[in-house]
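Structure at a glance
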Amino acid sequence: MLSTMVIYSCSEDPKPVNEEELITTLVVDLITPGGLDNLQLQFFDEDGDGAIDPITTPALAQLTSGTTYVALLTLKNESVVPADDITLEIKEEKNDHLFCFAVTGTDVTIAYNDEDDNGNPIGLSTTWTAGNAGTGGQVQITLRHQPGTKDGTCPGSGDTDIEVRFNVQIVD
């Protein structure tokens, strides 16, 4: 009888809630063939939505006209020691996550290099192509959490886990 009660009580346990992680850091490593013009963009928000202002570096990212970069995204929660690598969670839950990219005021084209089990883009790896030199603009990166509804369209359904804007200029 005791074993029946244990089995019954275990089968009635609610499924654990997939809580959103605090993301304090987003790093974009822009890698060029040969590695001569590599660049790193970083967003750091020590307290999430708290009172401390986030820091974005560099203040203005300068991409070289005509250059193609492979962009690799890394996300962390650095409010705990050791820091949590949120990138691993996104890889594990790739069917529920989508990075959306919006470019305004500058000539950057972004294409996805990775996809989930359903053939939808993820965005942890992308290709950024810098077009004509000129005025500066922004690249906005938004991570959407879309459990059970992801179809590869931006912004699509779900919730925003993090949204960051980097100031970008194309130079000769």
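The preceding data block contains the structure.
Here is a short report on the structure shown in this document. Bear in mind that the values here come from a model prediction, so they are computed numbers and not experimental data.

For the rest of this paragraph, the subject is the sheet that holds strand S7 (residues 97-104). Pairing is mixed across the open sheet formed by four strands, whose spatial order is S4-S11-S10-S7. Every interior strand has two partners, whereas the edge strands, strand S4 (61-64) and S7, have only one. Strand after strand, the sheet turns through a mean of 35° between neighbouring axes, direction not considered. Where S4 and strand S11 (residues 159-171) come together, four bridges link them in parallel fashion. By the bridge assignment, Thr 64 is partnered in S11 with Val 171.

This next bit is on the pattern of salt bridges. Going through the model one piece at a time under the given rule, you end up with three salt bridges. Notably, a salt bridge pairs Asp 117 with Lys 94, separated by 3.4 Å at the nearest N-O pair. Of this pair, Asp 117 sits in the loop between strand S8 (108-112) and strand S9 (125-130) while Lys 94 sits in the loop between helix H2 (86-92) and S7, placing them 23 residues apart in sequence.

Let us look at the state of the cysteines. If you walk through the whole model with that rule in mind, you get one disulfide. Cys 100 shares a disulfide with Cys 154; S-S distance 2.2 Å. One disulfide, between Cys 100 and Cys 154, carries an S-S torsion of -90° and so falls in the left-handed class. Here Cys 100 is found in strand S7, whereas its partner Cys 154 is found in the loop between strand S10 (137-145) and S11, with 54 residues between them in sequence. With a relative accessible area of 39%, Cys 154 lands in the partly exposed category.

Looking now at the environment of Gly 66. Take Gly 66: it is sitting in the loop between S4 and strand S5 (68-77). For the pair formed by Gly 66 and Gly 131, sequence separation is 65 residues and the distance between their alpha carbons is 5.4 Å. Leaving out residues up to four positions away in the same chain, Gly 66 has contacts with Ala 130 and Gly 131.

Along the chain, the position of Asp 114 falls in the loop between S8 and S9. Lys 150 provides the closest opposite charge to the buried, salt-bridge-free Asp 114, at an N-O distance of 7.7 Å. A distance of 2.8 Å separates a polar side-chain atom of Asp 114 from the backbone nitrogen of Gly 123. A distance of 3.0 Å separates a polar side-chain atom of Asp 114 from the backbone nitrogen of Leu 124. If near-sequence neighbours (up to four positions away) are discounted, Asp 114 is found in contact with Asn 120, Pro 121, Ile 122, Gly 123, Leu 124 and Ser 125.

What follows concerns unusual backbone geometry. Here the residue pair Thr 57 and Pro 58 is connected by a cis peptide bond, since its omega of -10° sits within 30 degrees of zero. In the segment running from Cys 154 into Pro 155, the intervening peptide bond is cis, with an omega of 0°.

The element S9 is extensively covered by neighbouring structure, given that five of its six residues are classed as buried. The sheet contact formed by S5 and S9 spans five bridges and is antiparallel. Each bridged residue has a counterpart across the sheet, and for Leu 72 the counterpart in S9 is Ser 125. As paired strands, S8 and S9 are joined by five bridges and run antiparallel to one another.

A few words on the packing of aromatic side chains. Per the stated rule, a full pass over the model turns up one aromatic pair. Between the aromatic rings of Phe 101 and Tyr 112, the centroid separation amounts to 5.8 Å while the plane-to-plane angle is 65°, which identifies the pairing as edge-to-face. Placement of the pair is Phe 101 in strand S7 and Tyr 112 in strand S8, with a sequence separation of 11 residues. Classification of Phe 101 by relative accessible area gives buried; the value is 18%. Judged by its relative accessible area of 31%, Tyr 112 falls in the partly exposed class.

Rules behind the numbers
Note on numbering: residues in each chain are counted from 1, in written sequence order. Given that this is a predicted model, residues contribute local features only at a pLDDT of at least 70 and side-chain atom pairs are listed and counted only at 80 or more, while totals for whole chains, interfaces and linings are drawn from all residues. Side-chain calculation: all heavy atoms of the structure are included, whereas hydrogens and water are not. Pairs of strands are assigned from DSSP output, requiring at least two bridges between the strands. Put simply, DSSP marks the helices as runs of H or I at least four residues long and the strands as runs of E at least two long, and each gets a number from the N terminus on. For helices, the fitted line uses only the C-alpha atoms of the stretch in contact; every axis is such a line through C-alpha atoms, and the angle between N-to-C directions lies from 0 to 180 degrees. Within this document, salt bridges are pairs made up of a side-chain nitrogen of Lys or Arg and a carboxyl oxygen of Asp or Glu, the two lying within 4 Å of each other. In this description, the term disulfide denotes a pair of cysteine sulfurs within 2.5 Å. The classification of residues rests on relative accessible area computed with a 1.4 Å probe and restricted to protein chains. Under 20% of the type maximum is buried, over 50% is exposed, and intermediate values are partly exposed. Contacts were defined at the residue level, with two residues in contact if any of their heavy atoms lie within 4.5 Å. Charged residues are defined here as Lys and Arg on the positive side and Asp and Glu on the negative side; His and the ends of the chain fall outside this count. Polar contact is defined as a pair of N or O atoms within 3.5 Å, subject to the rule that within protein one atom must be able to donate a hydrogen and the other to accept it, and that residues adjacent in sequence are counted only when both atoms are side-chain atoms. Classification of ring pairs uses Phe, Tyr and Trp, with its six-membered ring standing for Trp, and accepts pairs whose centres are within 6.5 Å; under 30 degrees between planes counts as stacked, over 60 as edge-to-face, and the remaining range as tilted.

Fair warning: the whole summary comes from geometry, so function is off the table for now.
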